[in-house]
Amino acid sequence: MPGALLLAAADAATQNASIFSPASPPAQSIHNLAILIFAITGFIFVVVETVLFYSIFRFRRRKSDVATSEPPQLYGSAPIEIAWTAAPLLIVVVIVLVCARTLWEVDLPAPQPQPGDSTLFVTVVGRQWWWEYTYDTYDGKPLGIVTANELHIPVSEKGTPRRVFLTLKSADVYHSFWVPRLAGKTALVPGQINSMWFSADQPGLFVGQCAEYCGTQHANMLQRVVVDSPHAFQEWLDAQQKPAAENPPDADGKAMFLSLSCVNCHRIRGTMARGSYAPDLTHLMSRKTLASGMIANDPEGVQLRKWIADPQAIKPGCLMPAFGLSDRQLALVVAYLRGLK
């Protein structure tokens, strides 16, 4: 999969998906809890192993020991009984209290959108095997933008947190939304609505992937969260709210696309393509990747052409079939889609 390798290499500097490098308050809370649990369990491990090895060495059989003799036997010790009962109980109480505080910090209920709240509300729908994002409101203003696979959010600044609340749904099977550096994973369950929140404190690209096995391409249901500066994010919003680009030289390509069954699944605003089963293509070329993060979406359309020609060769089992387009049909469709920026 050369395309995927090139994409991975290009983003290698930013593909840190460790929970030990948090970039959001919920991720920081989880990080702190993990460090505390590791410290407690590590201390217990060291104490137990030390006592074990000391006992083995101190009470080992010696040549002077009579073969049938036993070491002195002790029965009942109130101080020891109290110690090994009280110490674990105290440890459990501490862990329960810290876990309760972490849950309190991570599981915030979503507020109602208010003008000037600097808060972004997005509905996420997990599908086999891609992500649909519907931008509901930002800063109290309704948006109604639908995109796929790449989530853009604004970065928080000192004194101005910009929280992101996600409403999580599934269109088919269990999925799980997890971008480790931003928040813990939350399940997307058919017939149930879940939610989560985070706010990024630094710009850049944050990666993740579905964390619940959801079928043959589960491992390729990748996530890309792009954290923009407030100005860049507003520019991105403005661009996404515009209708699909009309490029007269690509009129034949548009006519070809609309004549194919692509319109039954895909949507391009302002055209007769109104499908809702597959990714919205209105601003397809504003995305950096195709196939839910698997291959680069190069401006020349090389990977796009390969994807349309034979999706199964890139993502076996995906629900987009190969339509057997002729070279002319393929060239026209790719030329039209390349203009959707």
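Just so you know, these numbers come straight off a predicted model, no measurement behind them.

Conventions used here
- Residues numbered from 1 in each chain as written.
- Predicted model: local features only at pLDDT ≥ 70, side-chain atom pairs only at ≥ 80, totals over all residues.
- Heavy atoms only, no water.
- Pairing = 2+ DSSP bridges.
- Helix = DSSP H or I, 4+ residues; strand = E, 2+ residues; numbered from the N terminus.
- Axes fitted to C-alpha atoms, helices over the stretch in contact; angles between N-to-C directions.
- Parallel < 35°, antiparallel > 145°, perpendicular 65-115°, else oblique.
- Left-handed = near helix turned anticlockwise from the far one by under 90°.
- Contact = heavy atoms within 4.5 Å.
- Nonpolar A, V, L, I, M, F, W, Y, C, P; charged D, E, K, R; others polar.
- Buried < 20%, exposed > 50% of the residue type's maximum accessible area, 1.4 Å probe, protein only.
- Phe/Tyr/Trp six-rings, centres within 6.5 Å; stacked < 30°, edge-to-face > 60°.
- Lys NZ or Arg CZ within 6 Å of the ring centre and 35° of its normal.

Asks: Teacher, can you tell me more about the sheet that holds strand E2 (residues 130-138) here?
Replies: The strands making up a sheet associate through backbone hydrogen bonding, with each pair oriented either parallel or antiparallel. Pairing within the open sheet is mixed, and its five strands lie in the order E3-E2-E1-E5-E8. The sheet is open, and its two edges are formed by strand E3 (141-148) and strand E8 (194-198), each paired on a single side. For this sheet, the mean inter-axis angle between neighbouring strands, taken without regard to orientation, is 20°. Bridge count between strand E1 (residues 120-127) and E2: eight bridges; the pairing is antiparallel. By the bridge assignment for E2, Thr123 is matched with Thr134.

Asks: How should I be thinking about the environment of Leu97 in this particular structure?
Replies: Relative to the helices and strands, Leu97 is located in helix H3 (residues 78-106). Along the primary structure Leu97 and Ile145 are separated by 48 residues, whereas in three dimensions their C-alpha atoms are 41 Å apart.

Asks: So what exactly am I meant to see when it comes to the packing of helix H6 (residues 302-309) against helix H8 (residues 327-338) here?
Replies: Relative placement of two packed helices is described by the angle separating their axes and the distance separating the axes. With their axes 10 Å apart at the nearest point, H6 and H8 run at an angle of 130° to one another. By the angle between their directions, the pair H6 and H8 is classed as oblique. Like other packed secondary-structure pairs, H6 and H8 cross with a definite hand, here right-handed. Seen from H6, the contacting residues are Leu304, Arg305, Ile308 and Ala309; seen from H8, they are Asp327, Leu330, Ala331, Val333, Val334, Leu337 and Arg338. By residue class, the composition of the contact of H6 with H8 is eight nonpolar, no polar and three charged.

Asks: What's the story with the pairing of strand E5 (residues 164-170) in this structure? I'm lost.
Replies: Where a strand is regular, its side chains alternate between the two sheet faces. With five of seven residues buried, E5 lies mostly within the body of the structure. Pairing analysis gives seven bridges linking E1 to E5, with the strands arranged parallel. Of the residues in E5, the one forming a bridge with Gly126 is Ser170. Pairing of E5 with E8, which is carried by five bridges, proceeds in the antiparallel orientation. When the bridges of E8 are listed, Leu168 appears paired with Asn194.

Asks: What's the story with the packing of aromatic side chains in this structure? I'm lost.
Replies: The geometry of an aromatic ring pair is captured by the separation of the ring centres together with the interplanar angle, meaning the angle of the planes. As enumerated under the stated definition, the model contains eight aromatic pairs in all. With a centroid separation of 5.5 Å and 80° between ring planes, the pair formed by Trp131 and Phe177 is classed as edge-to-face. One end of the pair, Trp131, is in strand E2; the other, Phe177, is in strand E6 (residues 175-177), and 46 residues separate them in sequence. Judged by its relative accessible area of 0%, Phe177 falls in the buried class. With centroids separated by 5.1 Å and ring planes inclined at 85°, the aromatic side chains of Tyr138 and Phe233 adopt a geometry described as edge-to-face. Of the two residues, Tyr138 sits in strand E2 while Phe233 sits in helix H4 (residues 230-241), which places them 95 residues apart along the sequence. Put simply, the rings of Tyr135, Tyr138, Phe233 and Trp236 touch in pairs and so form one group of aromatic residues. Across from the ring centre of Trp178, 6.0 Å away, lies the NZ or CZ of Lys185, which sits over that ring.

None of the figures reported here should be taken as evidence of function without further support.
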